[in-house]
Amino acid sequence: MASAGYIYLGASPYALRILRELVARSASRPLCLIDVGLDDARRRALADELGGAVRAEHIHDAACLRDPAFLARLRAAAPALALSAHFSQLLSPDFLAIPRHGVANLHSGLLPYNRGHWPEIWSIVRGTPAGITLHLIGEGIDTGDVIDQQAAPVRPEDTCASLAATLEELGVELVLRNWEAMLTGDARAQPQAQRLPLNLHKHVEQLAEIHLERKYTGKELIDLLRALTLPRLLKGAFFVDPDTGDRIRLQLTLTRESAAADPALRLEQTP
């Protein structure tokens, strides 16, 4: 590993997009890339995908973070910073203490709202503010000091998928505009004003069931369906077939038709 640079945590398509932007725009280079479930074939594929910005031998499975010898090598490399993007593992105090200017995380919620998993879902279902936050990792989940954040509107036609796509675009901008200050330790982080409840995967599973005998308003049912519409990652809401016990899954497609563009729509809405 080189003697300067940063540690990058995350290898989802979105995380790699941010990393490519950083490599293109900054003189600093990643010391290593770490994510969950990386075997030799995946490491080689990632190295090819990144065009040599990180060599295969510097791409590691997250299990390395439990290896004292690996942590010692990281410590000796004296990284300026670590950045986590779509990285799913909790980080140990030993690791958090290594980068000189801390470990930052990109969270797709407007902290302190919607800590934990799937912030987009809860912004739609609960009507809480949506946005994206760049924050330092400390004790607790999504409780660290906020470096910067950007709010985003939740439109009536948004699904989890479309809101996530909006937040991803904002997240790229957020990292890029704060990157050099983070590397030099000049970024100013502010404590979160309060600590709101933590959302977990089990809460999404509890939310997902539509009870056939329960009464819902139209808004409640539409919000539930659109909040769980992310076909590549979520199965969607479901109800149980009372005859077989099978789960029937539902996701939603929403399309806005402009009343300004079609006078007939305005006439239909007139009482």
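Residues numbered from 1 in each chain as written. Predicted model: local features only at pLDDT ≥ 70, side-chain atom pairs only at ≥ 80, totals over all residues. Heavy atoms only, no water.

Caption draft 1: Representation of the sheet that holds strand β5 (residues 103-107). The sheet built from seven strands is open, its strands ordered β3-β2-β1-β4-β5-β7-β8 with mixed pairing. On the outer flanks of this sheet lie β3 (59-61) and β8 (146-152), each paired with one strand and no other. With strand direction ignored, the average angle separating the axes of adjacent strands in the sheet is 15 degrees. Relative to β5, strand β4 (residues 81-85) runs parallel, the two sharing four bridges. Along β5, the bridge assignment pairs A82 with V103. Relative to the sheet, helix α2 (residues 40-49) contacts β2 (30-35) and β3, its axis offset from that of β3 by approximately 145 degrees. (Pairing = 2+ DSSP bridges. Helix = DSSP H or I, 4+ residues; strand = E, 2+ residues; numbered from the N terminus. Axes fitted to C-alpha atoms, helices over the stretch in contact; angles between N-to-C directions. Contact = heavy atoms within 4.5 Å.)

Caption draft 2: Main features of the layout of surface pockets. Here the largest pocket is characterised by a volume of approximately 1,200 Å³. Around the largest pocket, the lining is made up of 38 residues, and of these H86, F87, S88, G116 and H117 lie nearest the centre. Sorting the residues of the lining of the largest pocket by element identifies α1 (13-25), β5, α5 (119-126), β7 (130-136) and α6 (160-184) as the ones contributing at least two each. The biggest single contributor to the lining of the largest pocket is β5, with three residues. Looking at the second largest pocket, its volume works out to about 200 Å³. Around the second largest pocket sit V125, Q206, L207, E209, R214, Y216, K219, E220, D223 and L224, which together line it. Broken down by element, the lining of the second largest pocket gets its largest block of residues, four residues, from helix α8 (residues 218-227). (1 Å grid on protein atoms, 1.4 Å probe; cavity = no way out; pocket = protein on both sides within 12 Å on 5 of 7 lines; lining within 4 Å. Points joined across faces, edges and corners; volume = space filled by probe spheres on them.)

Caption draft 3: Spatial organisation of the state of the cysteines. The full count for this structure, using the stated rule, is zero disulfides. Between C32, a cysteine without a disulfide, and C64, which holds the nearest cysteine sulfur, the sulfur-to-sulfur distance is 6.9 Å. On the accessibility criterion, C32 (0% relative accessible area) is buried. (Disulfide = S-S within 2.5 Å. Buried < 20%, exposed > 50% of the residue type's maximum accessible area, 1.4 Å probe, protein only.)

Caption draft 4: Representation of unusual backbone geometry within the structure. In this structure, the amide linkage connecting L111 to the following residue, P112, adopts the cis form with an omega of 15 degrees. Notably, H86 is not glycine yet its phi reads approximately 55 degrees, a positive angle. Mapped onto the secondary structure, H86 falls in the loop between β4 and α4 (93-96). The exposure class assigned to H86 is partly exposed, which follows from its relative accessible area of 44%. The residue W118 is not glycine, and still its phi comes out positive at about 55 degrees. Secondary-structure assignment places W118 in the loop between β6 (115-116) and α5.

Caption draft 5: Structural context of the pattern of salt bridges. According to the stated counting rule, one finds 13 salt bridges in the structure shown. A salt bridge links E157 to R155; its shortest N-O distance comes to 3.9 Å. Judged by its relative accessible area of 38%, R155 falls in the partly exposed class. Of the charged contacts in the structure, one is a salt bridge between D158 and R155, with a shortest N-O distance of 2.7 Å. D158 gets classed as buried once you look at its relative accessible area, which sits at 1%. Among the ionic contacts, a cluster of salt bridges with common partners joins R155, E157, D158 and R256. (Salt bridge = Lys/Arg side-chain N within 4 Å of Asp/Glu carboxyl O.)

From the geometry alone we can't say anything about function, so treat these as descriptive.
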